[in-house]
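Spelled out from the first residue to the last, the chains are:
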Amino acid sequence: MYTDKVMEHFTSPKNVGELENADGEGRVGNPVCGDMMAMQIKVEDGVITDVKFRTFGCGAAIATSSIVTEMAKGMTLEEAEAITNEDVAEALGGLPTNKMHCSNLAADALHNAIEDYRRKAAGEDGEQ
Amino acid sequence: MRRIYLDHSATTPVHPRVAVVAMNYMMNDYGNSSSVHAPGRKAAEAMDEARARVAEFVGAEPREIIFTSGATEADNLAILGVAHAAGDRGNHIITTAVEHHAVLHTCDALEKEGFRITRLPVDAEGRVDPSAVEDAIDDDTILVSVMLANNEVGTLQPVAEIAEIARARGVTVHTDAVQVAGQLPVDLAELGVDLASFSGHKMYAPKGVGFLYVRRGTRLKAQMFGGHHERWLRAGTENVPGIVALGEACVLAQEEIDYVTAHLTSLRDRLIAGLEERIPDVFVNGHRTERLPGNVNVCIPGVEGEAMLLHLDMKGIAASSGSACTSGSLEASHVLLAMGIKHEIAHGSLRLTLGRDNTAAEIDYVLETLPPIVENLRAMSAWKPGDEMPFED
Ligand SMILES: Cc1ncc(COP(=O)(O)O)c(C=O)c1O
Ligand code: FES
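Predicted, not measured: the structure shown is a model, and the values here were computed from it.

**Structural notes on the pattern of salt bridges**
All names here are of chain B.
Now for step 1: Tallied over the full model, the rule gives 32 salt bridges over all chains.
Now for step 2: Note that aspartate 138 and arginine 116 form a salt bridge whose closest N and O atoms lie 2.9 Å from each other. Remark: arginine 116 occurs in strand E4 (residues 116-120) and aspartate 138 occurs in the loop between helix H5 (130-136) and strand E5 (141-145); sequence separation between them is 22 residues.
Now for step 3: Residue classification places arginine 116 among the partly exposed positions, given a relative accessible area of 35%.
Now for step 4: The structure contains a network of salt bridges with shared partners spanning Arg17, Glu49, Arg53, Glu248 and Glu255.

**A look at helix H12 (residues 360-380) of chain B**
Now for step 1: The end-to-end C-alpha distance of H12 of chain B, which contains 21 residues, comes to 31 Å, matching closely the 30 Å that a straight helix rising 1.5 Å per residue would cover.
Now for step 2: Listed in full, the buried residues belonging to H12 of chain B are Glu362, Ile363, Tyr365, Val366, Leu367, Thr369, Leu370, Pro371, Ile373, Val374, Leu377 and Met380 of chain B.

**Quick word on the interface of chain B and chain A**
A common measure of how large an interface is: the accessible area buried when the components associate.
Now for step 1: With 28 residues of chain B in contact, the opposing surface of chain A contributes 31 residues.
Now for step 2: For the pairing of chain B and chain A, the buried interface totals around 2,100 Å² over both sides, and the portion due to carbon and sulfur atoms is 71%.
Now for step 3: For the pair chain B and chain A, the number of links is one salt bridge.
Now for step 4: Put simply, lysine 99 of chain A and glutamate 306 of chain B hold a salt bridge, and the shortest N to O gap is 2.7 Å.
Now for step 5: The tally of links from chain B across to chain A stands at seven residue pairs in polar contact (both at pLDDT 80 or more).
Now for step 6: Elements with a minimum of two residues in the side of chain B that touches chain A: helix H9 (305-314), helix H11 (343-346) and H12 of chain B.
Now for step 7: Class assignment of the residues belonging to the side of chain B that touches chain A gives a composition of 15 nonpolar, seven polar and six charged.

**Structural notes on the site of ligand 1**
All names here are of chain B.
Now for step 1: Taken together, 13 residues lie around ligand 1, and Thr72, Asp176, Ser199, His201 and Lys202 are the ones closest in.
Now for step 2: In this structure, lysine 202 approaches ligand 1 through a side-chain N or O atom, which is 2.7 Å from an oxygen atom.
Now for step 3: For ligand 1, whose free accessible area comes to 390 Å², the fraction covered by protein is 85%.
Now for step 4: Considering each element in turn, the shell around ligand 1 owes the most residues, three residues, to helix H3 (residues 71-85).
Now for step 5: Its residues assigned to classes, the shell around ligand 1 shows three nonpolar, seven polar and three charged.

**Here we look at a nonpolar patch on the surface**
Residue and element names in this part refer to chain B.
Now for step 1: Taken together, Met23, Met26 and Met27 make up a surface patch of nonpolar side chains, about 320 Å² in accessible area.
Now for step 2: By secondary structure assignment, the location of methionine 27 is in helix H1 (residues 16-27).
Now for step 3: Looking at methionine 27, the relative accessible area reads 54%, which means it is exposed.

Calculation notes
- Every chain is numbered independently, its residues counted from 1 as its sequence is written.
- Lettering of chains starts at A and numbering of ligands starts at 1, both following the order in which they are written.
- Restriction of local features to residues with pLDDT of at least 70 applies here, the model being predicted, together with a cutoff of 80 or more for giving and counting side-chain atom pairs; totals for whole chains, interfaces and linings are based on all residues.
- Processing note: side-chain calculations cover all non-hydrogen atoms of the structure and skip hydrogens and water entirely.
- Salt bridge, as used here: a side-chain nitrogen of Lys or Arg that lies within 4 Å of a carboxyl oxygen of Asp or Glu.
- Helical segments are the DSSP runs of H or I of at least four residues, strand segments are the runs of E of at least two, and each set is numbered from the N terminus.
- Each residue is placed in one exposure class: buried if its accessible area under a 1.4 Å probe, protein chains only, is under 20% of its type's maximum, exposed if it is over 50%, and partly exposed if it falls in between.
- Every helix has an expected span of 1.5 Å times one less than the residues it contains.
- When checking whether two residues touch, look at their non-hydrogen atoms; a contact exists if any pair is within 4.5 Å.
- Buried area adds together the accessible area that both of two parts lose upon being put together, with accessible area traced by a 1.4 Å probe.
- Polar contact is the term for a pair of N or O atoms within 3.5 Å; when the atoms are in protein, one must be able to donate a hydrogen and the other to accept it, and sequence-neighboring residues count only if both atoms are side-chain atoms.
- Under the scheme applied here, ten amino acids are nonpolar (Ala, Val, Leu, Ile, Met, Phe, Trp, Tyr, Cys and Pro), four are charged (Asp, Glu, Lys and Arg), and all others, including Gly, are polar.
- Proximity is defined per residue: if any heavy atom of the residue lies within 4 Å of a molecule or strand, that residue is considered near it.
- Here the Shrake-Rupley method, with its probe set to 1.4 Å, supplies the accessible areas, and only the displayed protein chains count as covering residues.
- Without a salt bridge and with relative accessible area above 30%, a residue can belong to a patch; like charges are then joined within 9 Å and nonpolar side chains (Val, Leu, Ile, Met, Phe, Trp, Tyr) within 5 Å.

So far we have only geometry, and geometry alone does not tell us how the molecule works.
Shown next as structure tokens:
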């Protein structure tokens, strides 16, 4: 059912946990099956320097969140915003069709975290 | 790697004694039971013998046994057969929210044909209230279909009481008895039902064979047309190897039933007690005592079922879950939801179903293996019991 790459990320997920002083946070839930994902980013000079995630979901949900954190680390915000769920699935060597929505979730969580960062950054600028 | 099979409610291995019998009727005595010649007669005799064995096993007469391709077909034949034989005597069918899809989807199909379906709710333990059946029966009611034991949570239904109520009102009663066979003694005469479905592959016979018990005098319309097989109720050349194997499996089940019931019950109670001791916040789904001896079903909040199953599988343990993520339809178990369990909690359901060959040492291995898996997944989880979900249930 799952590729070796999916199983690799499922069994040894990268970047699990929480960041201290995260610059942006995203939290998304999946009404399809009831999954939940939280993602945090650290940003310096427009580049994502650290990412961490926590997931309450299936094997695909854990693997997609893990790989998306690996993909995003080191990317500019614009590059990370351009990551699609297909990119995530492709990086894992494909996902079963009924599991594609899990990859949406991972991309969405990352994009939400970036949005949150931008919102906060704009707010801080405004205060100065 | 050590392999521990704890998914006997999904299917069982074929017992060697049963497999040998099936092999013989595939390779040596392969005649068609409708043929006049000696090989044909041999097959017909073997089927007669199997029918007698099956009948004996469930406390019926041989002519009350209709062999089918399994319990899905038996459920279809029972429900469609009664509905289509009813004519203008009525169009109302009562069933429950926790039936197997073989029953529920058949009722859905009849609803589209214009039949009226009442799906009774269950309590938190998964039990139907017999008085709810009584209240639901009206002048149009032609059939009550309530399963003997639930395949997911193992809850036993008060079918004898329900049958008494329904039959007093002249309503035909069907029960899906699949999960009980081989785990608890079955006596259909005592149970008082008119129709009962069984499946070979849940009782150490092969897949693709089962039977419907049809009490003498029950009005039933065939759903498969062709030859004269099974008293015109089920056309098609009989699956002789499967049927003879099923007969053998019934003899085996009957010989061993006291031992198997006690063995499964002791393993079940050991497993439940161990899980409750070692996994914080775990709770048992289904009825504590009115329960299949071989069924353990728990919810582990904060963990998702498929993730648990994958980790268990890597440790050689085969189990199942009612989580939405494990179902092709991405819907959580209709049984758990009907019992009032919230979607996010049903996410963490785990079903371990025991068989005659499981051992206490295997249970202990599961009890050592599962807690660290749960701990690991919980540490990774974005949701803890009590947290809000970011979307509607
Ligand atoms: C309660 C119940 N009814 C019906 C069935 C269907 O049986 P079969 O696989 O023989 O069609 C099953 C097995 O999945 C079952 O557990
Ligand atoms: S999280 Fe439910 S299917 Fe992936």
